[in-house]
Amino acid sequence: MTQRLAGLSMRSRLLWGILLPVGLLIAINTVSLYRETLRAVDTAYDRTLLASAKSIGELLGVDGSGEQARLVAAVPYAALEAFETDSRSRLYFKVLGFKGEMVSGYDDLPAWQGKLPDQGAYPALVDFYDDSFRGEPVRMAVLLQPVAGQTGMGLATIQVAETLALRRGLARQVLLHTLWRQAALLAVIAIVVWAVVQRATRPVRELSAALQARDADDLSPLQAPDMPAELAPLIVATNDALARQARLLEHQKRFVRDASHQLRTPLAVLKVQVQSARQGDVEPLQALAEIDMTVARATELANQMLALARAEQMRQQGEAMPTQDWADVTRAVALDLAPLIAKQGLDFDIHTLPAPIASHEWALRELTRNLLHNAIQHTPAGGRLGIELSVQARTARLVIADGGPGLTPEQQQRLFLPFAVGHASKGSGLGLAICQALVHSLGGQLALSNRMDGSRVAGLDARVELPLAG
């Protein structure tokens, strides 16, 4: 039943949701009304039965006296014709004497087996009940009628039965009239619901038509000032989804544009180097060394661009991430870059505290590696380089302090932009952009500031703050 309703339209659901309970209520009300009508009809026509029994009682007499007194009656059937409403019903009667003997009427009329009610509806010794006679259902009235004469008195039993065709016909007529009115009510409800739903869902159909008419690349927000208040959350959610799609599409376009632009240069250089090697313009070993350097730079650039795209995707998706110890990742990255530190002859110092972070390991590794690699590149030979990972309240702070020349105000404004470099000869300009995207995806902050020694720049501090897991 649930699967069937799932495929119905809003109009159909509302119609079924309203008409089914209303129809059930009408059915229950109709059955109750029919029973109430039958009881009302029985009450009304029982009065006629009682009048018939009393009219028969007025025709009874007593013959004899004492123990020999007996009931006599001369009751023609014509005496009951006045109480027959129409030809659909018939009356039958039976009169029993003082000792239960048959006196007059239909001998095969079923004998009374009941008892008088404690509180009857009429001021008479009468009992009403349903029975059957000659294969037909009848309504029976039994009247205990005192009969007195000049020579004696006694208590006669008068039974009058009436067929139920008239009563049932009247109840059915009332039922049919009621059903017609109830059916008309259901029809009115259905028409009103259909019209109201049709009008209420018109904004939804207009919104659907507007979305279908849009171009495939149109991700501008929906403008629906006349929409009902109930549709406002849907409009807001749709606009949010469109905005996310627009940002994702813009990011993809920018990535493709930047990739094509940045990879064009090393590929062109590589092509020239290969041609020079084939023409013999340079020595083979020198040509291979130059080609190897160009391929290494192109590979590094491609890896960094993929890391930037992955970081942006992770930020937009907001996926649940496992917990990693940033201290372990930091020490592992420092160990990987130890040859570069040793080659520069740097005075290196590292201090870490356990710092559980909700992140993928590759993200923390990429973040730490880029910052540390930049610091190594910009620290002169024999300079100082330090790493400190501390925990304050619910925040982990990583500080990488190098001994380089620091940043000019102009460089500070551009370094977080993709392909913006601080020095023309160093890097592709993607490292800090990757770090910025990763930090934002992890809900943290990244800042680069010059470390001053009086009025002299003593180096650069890269500070990263990330929230602790849990």
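Residues numbered from 1 in each chain as written. Predicted model: local features only at pLDDT ≥ 70, side-chain atom pairs only at ≥ 80, totals over all residues. Heavy atoms only, no water.

Just checking my understanding: could you explain the sheet that holds strand β6 (residues 136–148) for this structure?
Paired through their backbone hydrogen bonds, the strands of a sheet run either parallel or antiparallel. Spatially, the five strands line up as an open sheet ordered β4-β3-β7-β6-β5, and their pairing is antiparallel. Looking at the sheet topology across the chains shown, the edges are occupied by β4 (102–105) and β5 (126–133). Strand-to-strand twist across the sheet, computed as the mean angle between neighbouring axes with direction ignored, equals 25°. (Pairing = 2+ DSSP bridges. Helix = DSSP H or I, 4+ residues; strand = E, 2+ residues; numbered from the N terminus. Axes fitted to C-alpha atoms, helices over the stretch in contact; angles between N-to-C directions.)

What am I meant to see in the packing of aromatic side chains here?
Any pair of aromatic rings gets described here by the distance separating the centres and the angle formed by the planes. Counted under the stated rule, the structure contains four aromatic pairs. Where Tyr-92 meets Phe-133, the ring centres are 4.9 Å apart and the plane angle is 70°; that geometry is what we call edge-to-face. Residue Tyr-92 is located in strand β3 (residues 91–96), and its partner Phe-133 is located in strand β5; the two are separated by 41 residues in the primary sequence. Residue Phe-133 is classed as buried on the basis of its relative accessible area of 3%. With a centroid separation of 6.4 Å and 85° between ring planes, the pair formed by Phe-93 and Tyr-106 is classed as edge-to-face. Taken as a pair, Phe-93 in strand β3 and Tyr-106 in the loop between β4 and β5 lie far apart in primary sequence, 13 residues in all. (Phe/Tyr/Trp six-rings, centres within 6.5 Å; stacked < 30°, edge-to-face > 60°. Buried < 20%, exposed > 50% of the residue type's maximum accessible area, 1.4 Å probe, protein only.)

Please clarify how the nonpolar core should be interpreted in this entry.
Inside soluble globular proteins, nonpolar side chains tend to come together where they are buried. In terms of nonpolar packing, the biggest core is built from 38 residues, with Trp-326, Leu-367, Leu-371, Leu-372, Ile-400, Val-464 and Leu-466 touching the most fellow members. Broken down by secondary-structure element, the contributors of at least two residues to this core are α8 (326–336), α10 (361–378), β11 (384–392), β12 (395–401), α12 (431–441), β13 (445–453) and β14 (456–467). Looking at which element gives the most residues to this core, the answer is α10, with seven residues. Leaving out residues up to four positions away in the same chain, Val-464 has contacts with Trp-326, Leu-367, Leu-371, Ala-396, Arg-397, Leu-398, Val-439, Gln-445 and Leu-446. In this structure, Ala-53, Ile-56, Phe-93 and Phe-128 belong to the second largest nonpolar core, which totals 19 residues. (Core = buried A, V, L, I, M, F, W, Y, C linked by side-chain atoms within 4.5 Å. Contact = heavy atoms within 4.5 Å.)

Sorry, what's going on with the side chain of Asp-461 here?
Its place among the elements puts Asp-461 in strand β14. Among the polar contacts listed, one links the side chain of Asp-461 to the side chain of Arg-451, at a separation of 2.5 Å. When residues no more than four places from it in sequence are discounted, the contact partners of Asp-461 are Val-399, Ile-400, Ala-401, Ala-447, Leu-448, Ser-449 and Arg-451. (Polar contact = N/O pair within 3.5 Å; in protein donor to acceptor, adjacent residues only side chain to side chain.)

When you look at α10 in this model, what are you seeing that I'm missing?
End to end, α10 covers 26 Å across 18 residues, agreeing with the expected 26 Å (1.5 Å per residue, within 8%). Among the residues of α10, Ala-363, Leu-364, Glu-366, Leu-367, Thr-368, Asn-370, Leu-371, Leu-372, His-373, Ala-375 and Ile-376 are the ones counted as buried. (Expected span 1.5 Å × (residues − 1).)

Even after reading the chapter, I still don't get unusual backbone geometry, so can you show me in this structure?
Trans peptide bonds make up the majority, and among non-glycine residues the majority have a negative phi. Positive phi outside glycine occurs at Arg-134, with the angle close to 55°. Tracing the chain through its elements places Arg-134 in the loop between β5 and β6. Owing to a relative accessible area of 53%, Arg-134 belongs among the exposed residues under this scheme. If you check the backbone angles, Ala-393 has positive phi at about 55° while not being a glycine. With respect to the helices and strands, the residue Ala-393 is situated in the loop between β11 and β12. Judged by its relative accessible area of 74%, Ala-393 is exposed.

What exactly am I supposed to notice about the sheet that holds strand β9 (residues 347–352) here?
Taken together, the five strands give an open sheet; going across it, the order is β9-β11-β12-β14-β13, and neighbouring strands pair in mixed fashion. The open sheet terminates on both sides in strands that have one partner only, identified here as β9 and β13. Adjacent strand axes in the sheet meet at a mean angle of 15°, parallel and antiparallel pairs treated alike. Here β12 runs beside β14; their pairing, made up of seven bridges, is antiparallel. Directly across from Ile-400, in β14, lies its bridge partner Ala-462. In the packing of α8 onto the sheet, contacts are made with β9, β11, β12 and β14, and the angle to β9 comes to roughly 165°.

How should I be thinking about the environment of Ile-235 in this particular structure?
Looking at the element boundaries, Ile-235 is found in helix α6 (residues 232–279). Classification of Ile-235 by relative accessible area gives buried; the value is 9%. Separated by 28 residues in sequence, Ile-235 and Leu-207 place their C-alpha atoms 9.4 Å apart. Those residues in contact with Ile-235 that sit more than four places away from it in its chain are Leu-207, Leu-222 and Ala-224.

Which parts of the structure should I look at to understand the packing of α8 against α10?
The relative placement of two packed helices comes down to the angle between their axes together with the axis-to-axis distance. Between α8 and α10, the least distance of the axes is 9 Å, while the angle of their chain directions is 50°. Of the possible angle classes, the one that applies to α8 and α10 is oblique. For the pair α8 and α10, the sense of crossing is right-handed. In contact with Trp-326, Val-329, Thr-330, Ala-332, Val-333, Ala-334 and Asp-336 of α8, α10 contributes Glu-361, Leu-364, Arg-365, Leu-367, Thr-368, Arg-369 and Leu-372. Looking at the contact of α8 with α10, its residues break down into eight nonpolar, two polar and four charged. (Parallel < 35°, antiparallel > 145°, perpendicular 65-115°, else oblique. Left-handed = near helix turned anticlockwise from the far one by under 90°. Nonpolar A, V, L, I, M, F, W, Y, C, P; charged D, E, K, R; others polar.)

Where do I start with α8 in this structure?
Helical geometry note: an α-helix holds 3.6 residues per turn, so side chains three or four residues apart project in the same direction. All of the buried residues along α8 are Trp-326, Ala-327, Val-329, Thr-330, Val-333 and Ala-334. Projection of α8 onto a plane perpendicular to its axis shows the buried side chains occupying an angular sector of 165°, all on one side. Exposed and facing more than 90 degrees away from the buried side of α8 are Asp-328, Leu-335 and Asp-336. Among the residues of α8, the N-terminal cap falls to Asp-325, whose side-chain oxygen and the backbone nitrogen of Ala-327 are separated by 3.1 Å. (Arc of directions from axis to C-beta.)

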